[in-house]
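So you can see what is in the structure, the chains are spelled out below.
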Amino acid sequence: MYRVAVIVSSDSAYAGKREDTSGKKIVELCQQKDLKISEQLVLPDDKEQLIKAMKRICDQKNADLILTTGGTGLAPRDCMPEATQAVVQRNVPGISEAMRNFSMQITKRSMLSRGVSVIRHQTLIINLPGSPKAVEESLTYIIDQLPHAIGLIQDRQNEAYKH
């Protein structure tokens, strides 16, 4: 069973002014696929805090997959892609390209998403959009491929190919 850390990037959710529904949607979808949630964080739109959290999770091997939500748009405080790029060792552009391509069939606004997908050590990090609806659409589209991807990253081919 793969372990998933969920990071929500939202000033208002961090301050308690808004309920986090996107992170909860990620947890729900992962649990439906028997992915174990190892950690859930709600952080402000602060690049340094996001970098620190991702590095810690990856470097301490606390998760096989980090799914982030929020901070991928065009607003001045949106910084999740930049934070993620600051921890990258290898890029995996196809995942984010596939999500945007799929989402373009639903709303043209998905072209405004700047989310990225990367690897740090043996952890896959994927930036998901900030709305619960977009999280559900994007994650549902890619989730069945994630065990295979993680198996390849961790050189666990037997596990990768049986999913």
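You'll find the structure just up there.
A quick note: this is a predicted structure, and the numbers were derived from the prediction, not measured.

(A) Representation of the packing of helix α2 (residues 22-32) against helix α6 (residues 132-142) within the structure. Contact pair α2 / α6: the axes reach a minimum separation of 8 Å and the direction vectors enclose 30°. Classified by the interaxial angle, the pair formed by α2 and α6 is roughly parallel. Here α2 and α6 pass one another in a crossing that is right-handed. Contact residues: S22, K25, I26, L29 and C30 in α2; P132, V135, E136, L139 and T140 in α6. Partitioning the contact of α2 with α6 into residue classes produces six nonpolar, two polar and two charged.

(B) Focus on the packing of helix α5 (residues 93-104) against α6. Relative to each other, α5 and α6 sit at 125°, their axes nearing to 10 Å. Here α5 is positioned oblique relative to α6, judged by the angle of their axes. The handedness of the crossing between α5 and α6 comes out as right-handed. Residues I95, A98, M99, F102 and S103 of α5 pack against E137, S138, Y141 and I142 of α6. Of the residues assigned to the contact of α5 with α6, the class counts are six nonpolar, two polar and one charged.

(C) View of α2. Within α2, burial applies to S22, G23, K25, I26, V27, L29 and C30. Tucked into the core, α2 has its buried residues touching β1 (3-9), β2 (36-43), β3 (65-69), β6 (123-128) and α6. Positive backbone phi, at 60°, marks D34, one or two positions downstream of α2.

(D) Quick look at a nonpolar patch on the surface. Taken together, the side chains of L74, M111 and L112 make up a nonpolar region of the molecular surface, amounting to roughly 320 Å² of accessible area. Mapping L112 onto the fold places it in the loop between α5 and β5 (117-120).

(E) Structural context of the pattern of salt bridges. Summed over all chains, the structure comprises 10 salt bridges. The salt bridge involving D11 is made with R77; its shortest N-O contact spans 2.7 Å. Of the two residues, D11 is situated in helix α1 (residues 11-14) and R77 in the loop between β3 and α4 (80-87); the sequence distance between them amounts to 66 residues. We note a salt bridge from R56 to E39, for which the minimum N-O separation is 2.3 Å. Placement of R56 in helix α3 (residues 47-59) and of E39 in strand β2 is noted, with a sequence separation of 17 residues between them. Connected through salt bridges with shared partners, the residues K25, E28 and E136 form a single ionic network.

Calculation rules
- Residues numbered from 1 in each chain as written.
- Predicted model: local features only at pLDDT ≥ 70, side-chain atom pairs only at ≥ 80, totals over all residues.
- Heavy atoms only, no water.
- Axes fitted to C-alpha atoms, helices over the stretch in contact; angles between N-to-C directions.
- Helix = DSSP H or I, 4+ residues; strand = E, 2+ residues; numbered from the N terminus.
- Parallel < 35°, antiparallel > 145°, perpendicular 65-115°, else oblique.
- Left-handed = near helix turned anticlockwise from the far one by under 90°.
- Contact = heavy atoms within 4.5 Å.
- Nonpolar A, V, L, I, M, F, W, Y, C, P; charged D, E, K, R; others polar.
- Buried < 20%, exposed > 50% of the residue type's maximum accessible area, 1.4 Å probe, protein only.
- Patch = residues over 30% accessible without salt bridge, like charges linked within 9 Å, V, L, I, M, F, W, Y side chains within 5 Å.
- Areas by Shrake-Rupley, 256 points an atom, 1.4 Å probe, with all protein chains shown as cover.
- Salt bridge = Lys/Arg side-chain N within 4 Å of Asp/Glu carboxyl O.

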